[in-house]
Amino acid sequence: MRAWTFAAVLSPLLAGAAGAHPHIFIDTSIEVVLDEADRAVAVRIGWSYDELFSLMVIGDHGLDPDGDGLLLPEEVAALSGFDMEWQEGYPGDSFALLGDADLVLGPPEDWDARFEEGRILTTHLRRLPAPVEIGAGTFFVQVYDPGYYTAYVIVGDPVLTGGSGRCLAEAWGPDVDAADEALKAALAEYSADQDLEADFPAIGRNYAEEVRVTCAAP
Amino acid sequence: MRRALSRSLGRWVVLAGVPVALVLGLIWLSGGFAGLLQAAEAAQRETQDMLARVIRALRAGQPGALMALLGVCFLYGVLHAVGPGHGKALIGAYGVARRVPVGRLSLLALVSSLAQAAVAVVLVYAGVAALGLTRTAAQGLADRVAPVIGNAMIAGLGLWLLWRGLRGLRRGRGQDHGHGHDHGHDHAPGEACGCGHAHGPSLAEVEALRGWRDTALLIGGIAMRPCSGALFLLILTWQFGIGAAGIAGAFAMGLGVAAVTAMVAVLAVWAREGTFAALGGGGLVARALPAVEALAGAVILGVALVLLMRAV
């Protein structure tokens, strides 16, 4: 009994030890590109970095030597592509799904960078290897960092480019209640011989913000 | 009459520590603080942008910018400590495990937070300024290497508490047997008395040594995980030639973290004393103490090993 009291006091304290908090905050904009048959062919991702991270990138590149907070056009041009040197296997923190099925997003291309009011804004395009038939299903774009070092928030309305006009894109916040249930269920089943790293539920995915694209039947 | 009343009131206040800590812990475990954490995250984001603005103001030489920086840094420390955190968990667990006075535990919280800031300063100035590492390399060092050392120290603390607790349990059992033949304390050689007053250092010396070891491991374990926010600040201010302000800011962050950790320290002591009061004091407490210590040590050790394996 006594032991359980202490275990109950201790475990939440220590459960916190495994947690993390984000250090980079990114406002994300999402554009889904459709072909004339309303098939998804690419997504364009826009990242607007928080001011502290933007300042660090400026410091790293030795830009803005006079410290007036303004960048010359050639300095902005030098920024382009700074966040596009992805390591092998890095998923780019953007994920596409059709219903429950994961889709592959190609490597980033066609990128640019801007600087506005202390923030660096970049965009890049990621193509799907083959056009994806949405049909009666739902095409998802989720943004999250599985390690939760970076926090992604979707800002503004998602944009649909191309297509017949029958499709609709909406931004959705995470279903926190469902995600909490999933986490609790996973924790309840957790046993000591499990590999915490490999088996831990994808918290990032469950708590991610996402864009949903649906198309009315023709 | 009045004295008895106030004494029983005091007893109830002490007893209340257990349910308060339990309820808070369970709410946290069940994700009931998700809203609070979300609010903390939004506020973290705000302070992060504010931090960037005061650094720019400082760089531009605006008057009052240094005070603004210290204020924002303190706030940043408080907000980061509200989220799930490792130093807070350790201080809390240690406070439950050992019968540390609340003042000493709070002081420990303060010293370890400031030591954490000092480690960040040393890392940045040794790594970036002296060795010429890039920001990414220095961050990698802080994110990967330092926590391994820190977690190893925490595992050491857990092992230490576990060993002490188990020894205490064994000794307690030995004493129970001893009471059967009262005052039969005849110091047979090789008897597992464990009092240690004949050989080796005095009890007071051993206590002092244990306290010193615990403290060093605890402070080291917390300090070796420097906050990324402090590293960001230090590297930026060094790059912009306002390094002294950055160092002051890093310690202001440490003070902010300490403010929250000290509250956890108070809560942990409250819960522990409440439990002892509930057990009725006396012999039961004496027997419960080593069990609590061993259990807390085992939990700390387990978590540290998991973290260590993940970090390696």
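Residues numbered from 1 in each chain as written. Chains lettered and ligands numbered in written order. Predicted model: local features only at pLDDT ≥ 70, side-chain atom pairs only at ≥ 80, totals over all residues. Heavy atoms only, no water.

Caption draft 1: Here's a closer look at the overall build of chain B. From N to C terminus, chain B includes 10 helices and 0 strands. N-terminal to C-terminal, the α/β element order of chain B is α-α-α-α-α-α-α-α-α-α. Expressed as a percentage of the 312 residues in chain B, the buried residues total 44%. Counting only carbon and sulfur atoms, one obtains 69% of the accessible surface of chain B, whose full area is about 14900 Å². (Helix = DSSP H or I, 4+ residues; strand = E, 2+ residues; numbered from the N terminus. Buried < 20%, exposed > 50% of the residue type's maximum accessible area, 1.4 Å probe, protein only. Areas by Shrake-Rupley, 256 points an atom, 1.4 Å probe, with all protein chains shown as cover.)

Caption draft 2: Structural detail: the overall build of chain A. Along its length, chain A carries 6 helices and 11 strands. When the 218 residues of chain A are sorted by exposure, 46% land in the buried category. Within chain A, counting contacts between residues at least 6 apart in sequence, those at least 24 apart form 73% of the total. (Contact = heavy atoms within 4.5 Å.)

Caption draft 3: Looking closely at the nonpolar core. Val32(A), Phe139(A), Leu51(B), Ile55(B) and Leu69(B) are the most contacted members of the largest nonpolar core, which totals 69 residues. Look past the residues within four positions of Ile55(B) in its chain and what remains in contact with it is Leu52(A), Leu55(A), Leu69(B), Leu233(B), Leu236(B), Phe240(B) and Ile242(B). Val119(B), Leu218(B), Ala223(B) and Ala265(B) belong to the second-largest nonpolar core, a separate cluster that totals 20 residues. (Core = buried A, V, L, I, M, F, W, Y, C linked by side-chain atoms within 4.5 Å.)

Caption draft 4: Structural context of the environment of Ala259(B). Mapped onto the elements of the fold, Ala259(B) is located in helix H9 (residues 243–278). Residues Ala259(B) and Val78(B), spaced 181 residues apart in sequence, show a C-alpha to C-alpha distance of 6.9 Å.

Caption draft 5: The arrangement of the pattern of salt bridges in detail. Tallied over the full model, the rule gives 11 salt bridges over all chains. The residue Arg39(A) makes a salt bridge to Asp35(A) at a minimum N-O spacing of 2.8 Å. Judged by relative accessible area, Arg39(A) falls into the partly exposed class, the value being 28%. On the basis of relative accessible area, Asp35(A) is assigned to the buried category, the value being 11%. In this structure, Arg114(A) engages Glu116(A) in a salt bridge whose closest nitrogen and oxygen atoms are separated by 2.7 Å. With a relative accessible area of 39%, Arg114(A) lands in the partly exposed category. Taken together, the salt bridges that share partners define one network made up of Asp27(A), Arg119(A) and Arg45(B). (Salt bridge = Lys/Arg side-chain N within 4 Å of Asp/Glu carboxyl O.)

Caption draft 6: Seen up close, the pairing of strand S6 (residues 119–133) of chain A. Residues and elements named next belong to chain A. With 9 bridges connecting them, strand S2 (residues 39–49) and S6 associate as antiparallel partners. Paired with isoleucine 45 across the strands is histidine 124, a residue of S6. As paired elements, strand S5 (residues 109–116) and S6 share 6 bridges and run antiparallel to each other. When the bridges of S6 are listed, arginine 114 appears paired with leucine 121. Where S5 folds back onto S6 in an antiparallel hairpin, the turn is made up of 2 residues, including glutamate 117, whose phi is positive at roughly 50°. (Pairing = 2+ DSSP bridges.)

Caption draft 7: Here's a closer look at the state of the cysteines. All names here are of chain A. As enumerated under the stated definition, the model contains 1 disulfide over all chains in all. With its sulfur 2.0 Å from that of its partner, cysteine 167 forms a disulfide with cysteine 215. Measuring the twist about the S-S bond at about 100°, one finds the cysteine 167-cysteine 215 disulfide to be right-handed. With a gap of 48 residues between them, cysteine 167 in strand S10 (residues 167–172) and cysteine 215 in strand S11 (residues 209–215) connect regions that are remote in the sequence. (Disulfide = S-S within 2.5 Å.)

Caption draft 8: Highlighting the environment of Leu98(A). Residues and elements named next belong to chain A. Along the chain, leucine 98 turns up in strand S3 (residues 94–98). Along the chain, leucine 98 and phenylalanine 140 lie 42 residues apart, while their C-alpha atoms are 6.2 Å from each other. What leucine 98 contacts, discounting residues up to four positions off in sequence, is Leu103, Val132, Glu133, Ile134, Thr138 and Phe139.

Caption draft 9: Region of the structure containing a nonpolar patch on the surface. Residue and element names in this part refer to chain B. Taken together, the side chains of Phe74, Leu107, Leu110, Val111 and Leu255 present a nonpolar region at the surface, about 400 Å² in accessible area. In terms of residues, the nonpolar patch owes the most to one element, helix H5 (residues 102–130), which gives 3 residues. Overall, leucine 110 belongs to the partly exposed group, its relative accessible area being 31%. (Patch = residues over 30% accessible without salt bridge, like charges linked within 9 Å, V, L, I, M, F, W, Y side chains within 5 Å.)

Caption draft 10: Layout of the pairing of strand S8 (residues 150–154) of chain A. Residue and element names in this part refer to chain A. In terms of residue burial, S8 counts as a mostly covered element, since 4 of its 5 residues are buried. Alignment of strand S1 (residues 24–34) against S8, held across 5 bridges, turns out to be parallel. By the bridge assignment for S8, aspartate 27 is matched with valine 153.

Caption draft 11: The sheet that holds S10(A), seen in detail. Residue and element names in this part refer to chain A. The strand order S4-S3-S7-S11-S10 describes an open sheet built from 5 strands, whose pairing is antiparallel. Lying at the two open borders of the sheet, with one neighbouring strand each, are strand S4 (101–103) and S10. Each neighbouring strand pair of the sheet contributes to a mean axis angle of 25°, computed without reference to strand direction. Where S10 meets S11, 6 bridges bridge the pair, whose relative direction is antiparallel. Bridged to glutamate 170 within S11 is arginine 212. (Axes fitted to C-alpha atoms, helices over the stretch in contact; angles between N-to-C directions.)

Caption draft 12: Spotlight on unusual backbone geometry. Residue and element names in this part refer to chain A. With a phi angle near 60°, aspartate 38 is a residue other than glycine that sits in the positive phi range. Positive phi, close to 60°, is recorded for aspartate 93, a residue that is not glycine. Note on placement: aspartate 93 falls in the loop between helix H3 (73–79) and S3.

Caption draft 13: Broad picture of helix H8 (residues 228–239) of chain B. Residues and elements named next belong to chain B. The first and last C-alpha atoms of H8 sit 16 Å apart over 12 residues, in line with the 16 Å expected at 1.5 Å per residue. Burial analysis of H8 places 10 of its 12 residues in the buried class, which makes it a mostly covered element. Here H8 has its buried residues at Ser228, Gly229, Ala230, Leu231, Phe232, Leu233, Leu234, Ile235, Leu236 and Thr237. Looking one or two residues past H8, glycine 241 carries a phi angle of roughly 75°, positive in sign. (Expected span 1.5 Å × (residues − 1).)

Caption draft 14: Main features of the side chain of Glu210(A). Residues and elements named next belong to chain A. Tracing the sequence through the fold places glutamate 210 in strand S11. A distance of 2.8 Å separates polar atoms of two side chains, one belonging to glutamate 210 and the other to arginine 212. Each residue touching glutamate 210, except ones within four places of it in the same chain, is listed here: Phe140, Val141, Gln142, Ile154, Glu170, Ala171 and Trp172. (Polar contact = N/O pair within 3.5 Å; in protein donor to acceptor, adjacent residues only side chain to side chain.)

Caption draft 15: Seen up close, the confidence of the model for chain A. Residues and elements named next belong to chain A. For chain A, per-residue confidence averages 79 on the pLDDT scale, and 74% of positions sit at 70 or higher. When the criterion is pLDDT under 50, residues 1–19 qualifies, and its contacts beyond four places in sequence or with other chains add up to 43 contacts. Note that residues 191–202 has pLDDT below 50 and, in this model, 11 contacts with residues that lie over four places away or in other chains. (pLDDT = per-residue confidence, 0-100.)

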